[in-house]
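# A closer look at the structure
These are the residues of each chain, in order.
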Amino acid sequence: KPVRFDKPSRIIASAIPAQATPPEIAQSRNALFAETRPSQTHPDLWSRIRAGFSMPELDTSLTRKWEQYYASRPEYLNRIIERGRRYLFHVVEQVESRGMPMEIALLPMIESAYNPKAVSPASAAGMWQFIPETGKRYGLERTWWYDGRRDVVAATDAALDYLSENHDLFGDWQLTLASYNWGENAVARAVAKNEAADRPTDYAELRMPDETANYVPKLMAVRNIIANPQAYGIKLVDIPNKPYFTAIDNTRHMDVKVAAQLAEIPVSELLQLNPGFIRPVIAQKEERKLVLPTNKV
């Protein structure tokens, strides 16, 4: 049975004026991407992320349009980063441990603006925007008390499992990302159609919905800006290269206010770190984690 992510249409890039990539940006970008060996230590999380970029360049008009879109909205870009600063180190750790391109750690910026409470009209929920069917397929439990699609730890594992499986299927990260947005069956049919017509089967050559056609260019545009923000006139919010939170085993049900009191943090902070718990109770279960600021464990 086809499994796909049915989400509302996003902003279509045709409304954004096309601009050529300035030579200095192209040169700086090429120099940065030429560094294929990440060093063992990084002064901040951005340098660690940059060292892990490994997806091939997608130098298309759509990528350039989205570069211009984000570069002209630095406040918006930094709002997304500020929202995601609690979660980004964890996602980077998980992506790195699986040997995946570090561009994947930026995908929630495109999916949900790094908002684990985001819900689409099509009922896609969480930072990684799982619809109920796909969430269930990847073990994300939904009950009256808890929604695993919003759980930062559980949903990140599920999303990376899904992406890994699709990469095994297509052997290409751009097609893998397209399948995350459009569905692996739809991408497989588009690839087969091009093969039958003796046409190239890479991402840029496939016929696909506007949302999917813009999906990878958006991610590549954000990647390019983070790779060299100075070239785009942007100063990124600083994020340290250290964990913001620790996920621990919890042995009992607990009122959210009591948990926050014991951890000596505001209730709002506890809920930001544990968005999977959708009632005012931490509903304990063996496989569920309680997430706390690392210095409060």
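Residues numbered from 1 in each chain as written. Predicted model: local features only at pLDDT ≥ 70, side-chain atom pairs only at ≥ 80, totals over all residues. Heavy atoms only, no water.

## Quick notes on helix H11 (residues 256–263)
- Every buried residue belonging to H11 is among Val 256, Ala 259, Ala 260 and Ala 263, and all of these are buried. Along the long axis of H11, the arc covered by the buried residues comes to 95°, so they all point the same way. Exposed and facing more than 90 degrees away from the buried side of H11 are Lys 257, Gln 261 and Leu 262.
- Capping the start of H11 is the job of one residue whose side-chain oxygen sits 2.7 Å from the backbone nitrogen of Lys 257: Asp 255.
- Of the residues trailing H11, Glu 264 is marked for its positive phi of about 60°. (Buried < 20%, exposed > 50% of the residue type's maximum accessible area, 1.4 Å probe, protein only. Helix = DSSP H or I, 4+ residues; strand = E, 2+ residues; numbered from the N terminus. Arc of directions from axis to C-beta. Polar contact = N/O pair within 3.5 Å; in protein donor to acceptor, adjacent residues only side chain to side chain.)

## Considerations on the packing of helix H8 (residues 173–182) against helix H10 (residues 210–227)
- The contact between H8 and H10 brings their axes to 9 Å, and the two run at 130°. Considering the angle they form, H8 stands oblique to H10. In the crossing of H8 with H10, the sense of the turn from one axis to the other is right-handed. Touching Gln 174, Leu 177, Ala 178, Tyr 180, Asn 181 and Trp 182 of H8 are Glu 211, Thr 212, Tyr 215, Val 216 and Leu 219, all from H10.
- A class-by-class count of the residues in the contact of H8 with H10 yields seven nonpolar, three polar and one charged. (Axes fitted to C-alpha atoms, helices over the stretch in contact; angles between N-to-C directions. Parallel < 35°, antiparallel > 145°, perpendicular 65-115°, else oblique. Left-handed = near helix turned anticlockwise from the far one by under 90°. Contact = heavy atoms within 4.5 Å. Nonpolar A, V, L, I, M, F, W, Y, C, P; charged D, E, K, R; others polar.)

## Here's the deal with the pairing of strand S4 (residues 289–293)
- Across the five residues that make up S4, a large majority, four, are buried.
- In this structure, strand S1 (residues 245–249) lies alongside S4, joined through five bridges in antiparallel fashion. Bridged to Asp 249 within S4 is Lys 289. (Pairing = 2+ DSSP bridges.)

## Things to note about the environment of Met 109
- Considering the arrangement of structural elements, one finds Met 109 in helix H5 (residues 107–111).
- Each C-alpha atom of the pair Met 109 and Gly 84 lies 8.2 Å from the other, and the pair is 25 residues apart in sequence.
- Leaving out residues up to four positions away in the same chain, Met 109 has contacts with Leu 77, Ile 80, Ile 81, Tyr 114, Val 222 and Ile 226.

## Re the side chain of Asn 78
- Here Asn 78 lies in helix H4 (residues 74–97).
- Its relative accessible area of 15% is what places Asn 78 among the buried residues.
- Beyond its immediate stretch of four places on either side in the chain, Asn 78 contacts Lys 235, Leu 236 and Val 237.

## Concerning unusual backbone geometry
- Although it is not a glycine, Ser 123 adopts a positive phi angle of roughly 70°.
- Although it is not a glycine, Gln 129 sits at a positive phi angle of roughly 55°.
- Relative to the assigned elements, Gln 129 resides in the loop between H5 and helix H6 (132–137).
- Gln 129 sits in the buried class, given a relative accessible area of 4%.

## Structural notes on helix H7 (residues 152–170)
- Given a rise of 1.5 Å per residue, 19 residues ought to cover 27 Å, and the 27 Å separating the end C-alpha atoms of H7 matches this to within 8%.
- Among the residues of H7, Val 152, Val 153, Ala 155, Thr 156, Ala 158, Ala 159, Leu 160, Tyr 162, Leu 163, Asn 166 and Phe 170 are the ones counted as buried.
- Trailing H7 by a residue or two, Gly 171 shows a phi angle of about 65°, which is positive. (Expected span 1.5 Å × (residues − 1).)

## A few points about the pattern of salt bridges
- Counting across every chain of the model gives 15 salt bridges.
- Across the salt bridge formed by Glu 93 and Arg 48, the nearest N and O atoms sit 2.5 Å from each other. Residue Glu 93 is located in helix H4, and its partner Arg 48 is located in helix H2 (residues 45–51); the two are separated by 45 residues in the primary sequence.
- You can call Glu 93 partly exposed: its relative accessible area is 33%.
- For Glu 57, the salt bridge is made with Arg 223, and the minimal N-O distance between the two is 3.8 Å. With Glu 57 in the loop between H2 and helix H3 (61–71) and Arg 223 in helix H10, the pair connects residues that are 166 residues apart, well separated along the chain. (Salt bridge = Lys/Arg side-chain N within 4 Å of Asp/Glu carboxyl O.)

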